[in-house]
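# Residue-level structure breakdown
Residue-level listing of the chains:
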Amino acid sequence: FATANISHPILFEKISNEAIARQHENEFNSQNVANLLWSYAAIGQLDPRLFSSLESVVENCFHECDSQELANIAWAFAVANVNASG
C-alpha cells in the first residue's frame, strides 16, 4: 500500500490496533518495526497511538537495527511529528 501510494484508512487502523495489542509479545524484530513505522509515515497514516506504543519496541530492538532500519525509524518518527519520550 505505501509504495503504491494507496491509502486505506480502515485497514491501517485495524493493523495499528493489532500491532499495539501485540507490542509486548516479542513479535517485532528490527525490520518489522522499521517497515511498519515507515509504511505508516510514507502513506501519511500518522497514528500517534501506534508510534507512541511502539517506542518501547524500538528501544528494545536498537541493537538489532542496521543503518537502513535506523534511518527508516528516525524518518518515520520525524514525519509523524512524534517525540519519543526516552
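Described below are features of the structure shown in this document. (Residues numbered from 1 in each chain as written. Predicted model: local features only at pLDDT ≥ 70, side-chain atom pairs only at ≥ 80, totals over all residues. Heavy atoms only, no water.)

## Structural notes on the environment of Ile43
Among the secondary structure elements, Ile43 is positioned in helix 2 (residues 30-43). Look at Ile43 and you get buried, because its relative accessible area is 11%. Linking Ile43 and Phe12, residues 31 residues apart in sequence, is a C-alpha distance of 9.9 Å. (Helix = DSSP H or I, 4+ residues; strand = E, 2+ residues; numbered from the N terminus. Buried < 20%, exposed > 50% of the residue type's maximum accessible area, 1.4 Å probe, protein only.)

## A word on the packing of aromatic side chains
Enumeration over the complete set of coordinates arrives at two aromatic pairs. Ring geometry for Phe51 against Phe77: centres 5.3 Å apart, planes inclined by 90°, an arrangement best described as edge-to-face. Here Phe51, found in helix 3 (residues 48-53), pairs with Phe77, found in helix 5 (residues 67-80); they are 26 residues apart in sequence, far enough to count as distant. Phe77 shares its class with Phe51; the two are buried. (Phe/Tyr/Trp six-rings, centres within 6.5 Å; stacked < 30°, edge-to-face > 60°.)

## A word on a nonpolar patch on the surface
Taken together, the side chains of Leu46, Trp75 and Val79 make up a nonpolar region of the molecular surface, amounting to roughly 240 Å² of accessible area. Residue classification places Leu46 among the partly exposed residues on the basis of a relative accessible area of 37%. (Patch = residues over 30% accessible without salt bridge, like charges linked within 9 Å, V, L, I, M, F, W, Y side chains within 5 Å. Areas by Shrake-Rupley, 256 points an atom, 1.4 Å probe, with all protein chains shown as cover. Salt bridge = Lys/Arg side-chain N within 4 Å of Asp/Glu carboxyl O.)

## Focus on the packing of helix 2 against helix 5
Between helix 2 and helix 5, whose axes approach to 8 Å, the crossing angle comes to 35°. Judged by the sense of rotation from one axis to the other, the crossing of helix 2 with helix 5 is left-handed. Counted together, Ser30, Gln31, Val33, Ala34, Leu37, Trp38, Ala41 and Ala42 of helix 2 and Glu69, Asn72, Ile73, Trp75, Ala76, Phe77 and Val79 of helix 5 form the full contact between these two elements. Classifying every residue of the contact of helix 2 with helix 5 gives eleven nonpolar, three polar and one charged. (Axes fitted to C-alpha atoms, helices over the stretch in contact; angles between N-to-C directions. Left-handed = near helix turned anticlockwise from the far one by under 90°. Contact = heavy atoms within 4.5 Å. Nonpolar A, V, L, I, M, F, W, Y, C, P; charged D, E, K, R; others polar.)

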